[in-house]
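Below are the chains, spelled out letter by letter.
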Amino acid sequence: SDGVLVHHGYFWKGENPCLVGPMYERIRTLIQNDISLIAYHLPLDLHTEVGNNFCFGELLDITHTSTFAVEDIAGLGWIGDLSSPISAEQLNERLADLCARMPLHISVSEKPLQRIAWCTGAAQDGITEAALAGADAYISGEISERTVHLARELGIHYFAAGHHATERYGIQALGAMIAEKYPVSVEFIDIDNPV
(Lines give C-alpha, C1' and ligand atoms only; values in the text may rest on other atoms or scores of the structure.)
Protein backbone atom coordinates (compact mmCIF):
# COMPACT_ATOMS: atom_id res chain seq x y z
CA SER A 1 0.00 0.00 0.00
CA ASP A 2 1.28 3.45 -0.93
CA GLY A 3 -1.16 5.44 1.15
CA VAL A 4 -3.92 5.39 3.71
CA LEU A 5 -6.86 7.69 2.98
CA VAL A 6 -8.75 8.55 6.16
CA HIS A 7 -11.33 10.96 7.48
CA HIS A 8 -9.74 11.57 10.90
CA GLY A 9 -6.04 12.28 10.75
CA TYR A 10 -3.59 13.63 13.30
CA PHE A 11 -2.60 16.93 14.87
CA TRP A 12 -5.97 18.28 15.96
CA LYS A 13 -6.17 21.80 17.33
CA GLY A 14 -5.17 21.67 20.97
CA GLU A 15 -3.67 18.18 20.68
CA ASN A 16 -0.14 17.58 21.92
CA PRO A 17 2.01 17.54 18.75
CA CYS A 18 4.72 15.40 20.36
CA LEU A 19 5.07 11.98 18.78
CA VAL A 20 4.87 9.72 21.83
CA GLY A 21 3.03 6.55 22.80
CA PRO A 22 0.44 5.19 20.35
CA MET A 23 0.75 8.24 18.07
CA TYR A 24 4.51 7.60 17.75
CA GLU A 25 3.95 3.92 16.97
CA ARG A 26 1.38 4.68 14.26
CA ILE A 27 3.45 7.40 12.59
CA ARG A 28 6.60 5.24 12.83
CA THR A 29 4.79 2.36 11.11
CA LEU A 30 3.75 4.66 8.26
CA ILE A 31 7.24 6.13 7.83
CA GLN A 32 9.07 2.78 8.06
CA ASN A 33 6.80 1.36 5.36
CA ASP A 34 6.91 4.45 3.14
CA ILE A 35 3.12 4.91 3.41
CA SER A 36 1.50 8.32 3.09
CA LEU A 37 -1.33 9.32 5.41
CA ILE A 38 -3.94 11.39 3.57
CA ALA A 39 -6.62 12.85 5.83
CA TYR A 40 -9.62 15.02 5.00
CA HIS A 41 -11.64 16.02 8.02
CA LEU A 42 -13.76 19.14 7.62
CA PRO A 43 -13.33 19.26 3.83
CA LEU A 44 -14.88 15.78 3.65
CA ASP A 45 -17.68 16.72 6.04
CA LEU A 46 -18.50 19.79 3.95
CA HIS A 47 -18.10 18.42 0.41
CA THR A 48 -21.31 18.54 -1.60
CA GLU A 49 -20.58 15.52 -3.83
CA VAL A 50 -18.53 13.03 -1.83
CA GLY A 51 -18.84 14.42 1.69
CA ASN A 52 -20.03 12.48 4.71
CA ASN A 53 -23.15 14.58 5.16
CA PHE A 54 -24.05 14.56 1.47
CA CYS A 55 -23.65 10.78 1.21
CA PHE A 56 -25.54 10.16 4.45
CA GLY A 57 -28.51 12.21 3.23
CA GLU A 58 -28.48 10.44 -0.13
CA LEU A 59 -28.51 7.03 1.55
CA LEU A 60 -31.46 8.09 3.72
CA ASP A 61 -33.24 9.29 0.56
CA ILE A 62 -33.62 12.85 1.82
CA THR A 63 -34.42 15.43 -0.85
CA HIS A 64 -34.75 19.22 -1.15
CA THR A 65 -31.61 19.61 0.92
CA SER A 66 -29.94 22.75 2.16
CA THR A 67 -27.27 23.44 4.75
CA PHE A 68 -26.93 25.39 7.98
CA ALA A 69 -24.10 26.33 10.34
CA VAL A 70 -23.08 23.97 13.13
CA GLU A 71 -20.57 25.22 15.70
CA ASP A 72 -20.07 28.35 13.56
CA ILE A 73 -19.04 26.29 10.51
CA ALA A 74 -21.25 27.27 7.59
CA GLY A 75 -22.58 24.35 5.55
CA LEU A 76 -21.72 21.67 8.10
CA GLY A 77 -25.30 20.78 9.04
CA TRP A 78 -27.77 19.53 6.43
CA ILE A 79 -31.57 19.54 6.35
CA GLY A 80 -34.10 18.15 3.91
CA ASP A 81 -37.30 16.22 3.46
CA LEU A 82 -38.28 12.59 3.36
CA SER A 83 -40.66 11.80 0.48
CA SER A 84 -43.47 11.21 2.97
CA PRO A 85 -43.85 11.44 6.75
CA ILE A 86 -42.75 8.43 8.78
CA SER A 87 -42.83 7.53 12.44
CA ALA A 88 -39.82 7.98 14.67
CA GLU A 89 -39.65 4.19 14.96
CA GLN A 90 -39.47 3.86 11.16
CA LEU A 91 -36.64 6.40 10.98
CA ASN A 92 -34.85 4.54 13.77
CA GLU A 93 -35.17 1.31 11.73
CA ARG A 94 -33.79 3.03 8.60
CA LEU A 95 -30.84 4.31 10.60
CA ALA A 96 -30.24 0.89 12.16
CA ASP A 97 -30.15 -0.68 8.68
CA LEU A 98 -27.86 2.00 7.26
CA CYS A 99 -25.47 2.14 10.21
CA ALA A 100 -25.57 -1.57 11.12
CA ARG A 101 -26.33 -0.66 14.72
CA MET A 102 -29.30 0.46 16.76
CA PRO A 103 -29.24 4.24 17.27
CA LEU A 104 -30.00 5.84 20.60
CA HIS A 105 -33.29 7.68 20.07
CA ILE A 106 -34.48 10.51 22.29
CA SER A 107 -38.21 10.66 21.58
CA VAL A 108 -40.20 13.83 22.13
CA SER A 109 -43.59 13.10 20.53
CA GLU A 110 -45.66 10.71 18.42
CA LYS A 111 -45.86 13.25 15.57
CA PRO A 112 -44.73 11.89 12.17
CA LEU A 113 -41.34 13.06 10.94
CA GLN A 114 -40.63 14.52 7.52
CA ARG A 115 -38.14 17.40 7.84
CA ILE A 116 -34.86 15.81 8.88
CA ALA A 117 -31.58 17.51 9.84
CA TRP A 118 -28.26 15.77 10.28
CA CYS A 119 -24.56 16.26 10.81
CA THR A 120 -22.38 13.17 10.97
CA GLY A 121 -19.81 12.50 13.67
CA ALA A 122 -19.59 14.38 16.94
CA ALA A 123 -22.03 17.15 16.07
CA GLN A 124 -24.59 16.62 18.80
CA ASP A 125 -24.47 20.32 19.68
CA GLY A 126 -25.96 21.17 16.28
CA ILE A 127 -29.35 20.17 17.66
CA THR A 128 -30.23 23.78 18.50
CA GLU A 129 -29.48 24.96 14.98
CA ALA A 130 -31.44 22.02 13.57
CA ALA A 131 -34.47 22.95 15.67
CA LEU A 132 -34.20 26.59 14.59
CA ALA A 133 -34.06 25.42 10.96
CA GLY A 134 -37.44 23.70 11.45
CA ALA A 135 -36.37 20.05 11.67
CA ASP A 136 -38.66 17.41 13.15
CA ALA A 137 -35.61 15.27 13.95
CA TYR A 138 -31.85 15.66 14.16
CA ILE A 139 -29.36 12.85 13.50
CA SER A 140 -25.71 12.85 14.49
CA GLY A 141 -23.12 10.37 15.58
CA GLU A 142 -22.65 11.03 19.25
CA ILE A 143 -24.67 12.21 22.22
CA SER A 144 -23.81 14.14 25.35
CA GLU A 145 -25.74 14.36 28.60
CA ARG A 146 -26.94 17.85 27.64
CA THR A 147 -28.30 16.60 24.29
CA VAL A 148 -31.14 14.72 25.97
CA HIS A 149 -32.37 17.82 27.77
CA LEU A 150 -32.00 20.01 24.68
CA ALA A 151 -34.01 17.56 22.56
CA ARG A 152 -36.83 17.53 25.09
CA GLU A 153 -36.81 21.30 25.59
CA LEU A 154 -36.59 22.06 21.86
CA GLY A 155 -39.22 19.43 20.97
CA ILE A 156 -37.02 17.71 18.38
CA HIS A 157 -36.31 13.98 18.10
CA TYR A 158 -32.63 13.13 18.42
CA PHE A 159 -30.91 10.06 16.98
CA ALA A 160 -27.32 9.22 17.96
CA ALA A 161 -26.38 6.75 15.23
CA GLY A 162 -22.65 6.34 15.95
CA HIS A 163 -19.69 8.56 15.09
CA HIS A 164 -17.91 5.97 12.96
CA ALA A 165 -21.16 4.56 11.59
CA THR A 166 -22.30 7.93 10.22
CA GLU A 167 -18.93 8.95 8.78
CA ARG A 168 -17.82 5.95 6.75
CA TYR A 169 -19.70 6.84 3.55
CA GLY A 170 -17.85 9.99 2.50
CA ILE A 171 -14.43 8.36 2.56
CA GLN A 172 -15.80 5.48 0.45
CA ALA A 173 -17.21 7.97 -2.07
CA LEU A 174 -13.92 9.89 -2.16
CA GLY A 175 -11.98 6.66 -2.68
CA ALA A 176 -14.29 5.64 -5.52
CA MET A 177 -13.89 9.07 -7.15
CA ILE A 178 -10.09 8.87 -6.91
CA ALA A 179 -10.09 5.34 -8.40
CA GLU A 180 -12.32 6.53 -11.24
CA LYS A 181 -10.15 9.54 -12.10
CA TYR A 182 -6.66 8.10 -11.55
CA PRO A 183 -4.95 4.77 -12.24
CA VAL A 184 -4.90 3.67 -8.60
CA SER A 185 -6.47 0.79 -6.76
CA VAL A 186 -8.60 1.72 -3.74
CA GLU A 187 -9.82 -0.70 -1.09
CA PHE A 188 -12.16 0.35 1.73
CA ILE A 189 -11.28 -1.27 5.03
CA ASP A 190 -13.93 -0.84 7.70
CA ILE A 191 -12.58 -1.16 11.22
CA ASP A 192 -15.72 -0.87 13.32
CA ASN A 193 -15.81 1.47 16.29
CA PRO A 194 -18.83 1.25 18.62
CA VAL A 195 -18.74 4.99 19.41
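Placed above this text is the structure.
Notes on the structure follow. (Residues numbered from 1 in each chain as written. Predicted model: local features only at pLDDT ≥ 70, side-chain atom pairs only at ≥ 80, totals over all residues. Heavy atoms only, no water.)

With that settled, consider the overall build of the protein. When helices and strands are tallied, the protein shows 8 helices and 8 strands. Against the compact-globule benchmark of 16 Å for 195 residues, the protein has a radius of gyration of 18 Å, which places it among compact chains. Once the C-alpha set of the protein is aligned to its principal axes, its extents read approximately 55 × 35 × 30 Å. A burial count over the protein gives 40% of its 195 residues as buried. Summarising the internal contacts of the protein: among those between residues at least 6 apart in sequence, 61% fall at separations of at least 24. If you sum the accessible surface of the protein, you get close to 10800 Å²; carbon and sulfur atoms cover 54% of it. In the protein, 11 side chains carry a positive charge and 26 a negative one; their mean positions are 3 Å apart. (Helix = DSSP H or I, 4+ residues; strand = E, 2+ residues; numbered from the N terminus. Rg over C-alpha atoms; globule rule 2.2 N^0.38 Å. Buried < 20%, exposed > 50% of the residue type's maximum accessible area, 1.4 Å probe, protein only. Contact = heavy atoms within 4.5 Å. Areas by Shrake-Rupley, 256 points an atom, 1.4 Å probe, with all protein chains shown as cover. Lys, Arg positive; Asp, Glu negative; His and termini not counted. Charge placed at Lys NZ, Arg CZ, Asp CG, Glu CD.)

Of the pairings in the sheet, the one linking strand S1 (residues 3-6) to strand S2 (residues 36-39) comprises 4 bridges and is parallel in character. Within S2, the position partnered with Leu-5 by the bridge is Ile-38. As for the winding sense of the linkage, the β-α-β connection from S1 through helix H1 (residues 21-32) to S2 is right-handed. (Pairing = 2+ DSSP bridges. Right-handed = clockwise from strand over helix to strand, strands pointing away.)

Think of a sheet as strands paired side by side through backbone hydrogen bonds, with each pair either parallel or antiparallel. Reading across the sheet, the 6 strands line up as S3-S4-S6-S7-S8-S5 and stay open at both edges, with mixed pairing between neighbours. Because the sheet does not close on itself, it has two edges, and the strands there are strand S3 (63-70) and strand S5 (104-106). The sheet shows a mean angle of 25 degrees between the axes of neighbouring strands, direction not considered. Inspection of the sheet shows S3 paired to strand S4 (residues 73-86) by 5 bridges, in the antiparallel sense. Across the sheet, the residue bridging to Phe-68 is Gly-77, located in S4. (Axes fitted to C-alpha atoms, helices over the stretch in contact; angles between N-to-C directions.)

A cluster of acidic residues, Glu-89, Glu-93, Asp-97 and Glu-110, forms a negative patch on the protein surface. Mapped onto the elements of the fold, Asp-97 is located in helix H4 (residues 88-99). Residue Asp-97 is classed as exposed on the basis of its relative accessible area of 66%. (Patch = residues over 30% accessible without salt bridge, like charges linked within 9 Å, V, L, I, M, F, W, Y side chains within 5 Å. Salt bridge = Lys/Arg side-chain N within 4 Å of Asp/Glu carboxyl O.)

Another point: the nonpolar core. The biggest cluster of nonpolar side chains holds 26 residues, and the ones touching the most others in it are Phe-56, Leu-91, Ile-116, Ile-139 and Phe-159. Residue assignment for this core shows that the elements contributing at least two residues are helix H3 (52-59), S4, H4, strand S6 (113-119), strand S7 (137-140) and helix H8 (169-181). The element contributing the most residues to this core is H4, with 5 residues. Counting residues in each nonpolar core, the second largest holds 17 residues, with Ile-127, Ala-130, Tyr-138 and Tyr-158 among its members. (Core = buried A, V, L, I, M, F, W, Y, C linked by side-chain atoms within 4.5 Å.)

Residue placement: Arg-146 occurs in helix H6 (residues 145-154). For Arg-146, a relative accessible area of 42% translates into the label partly exposed. Considered as a pair, Arg-146 and Thr-166 are 20 residues apart in the sequence and their alpha carbons are 21 Å apart.

Considering all chains together, one arrives at 5 salt bridges under this definition. Across the pair Arg-28 and Glu-25 runs a salt bridge, and its minimum N-O distance is 2.7 Å. Here Glu-25 and Arg-28 lie together in helix H1, a separation of 3 residues that amounts to about one turn. Glu-25 gets classed as partly exposed once you look at its relative accessible area, which sits at 36%. For Arg-146, the salt bridge is made with Asp-125, and the minimal N-O distance between the two is 2.9 Å. Remark: Asp-125 occurs in the loop between S6 and helix H5 (127-132) and Arg-146 occurs in helix H6; sequence separation between them is 21 residues.

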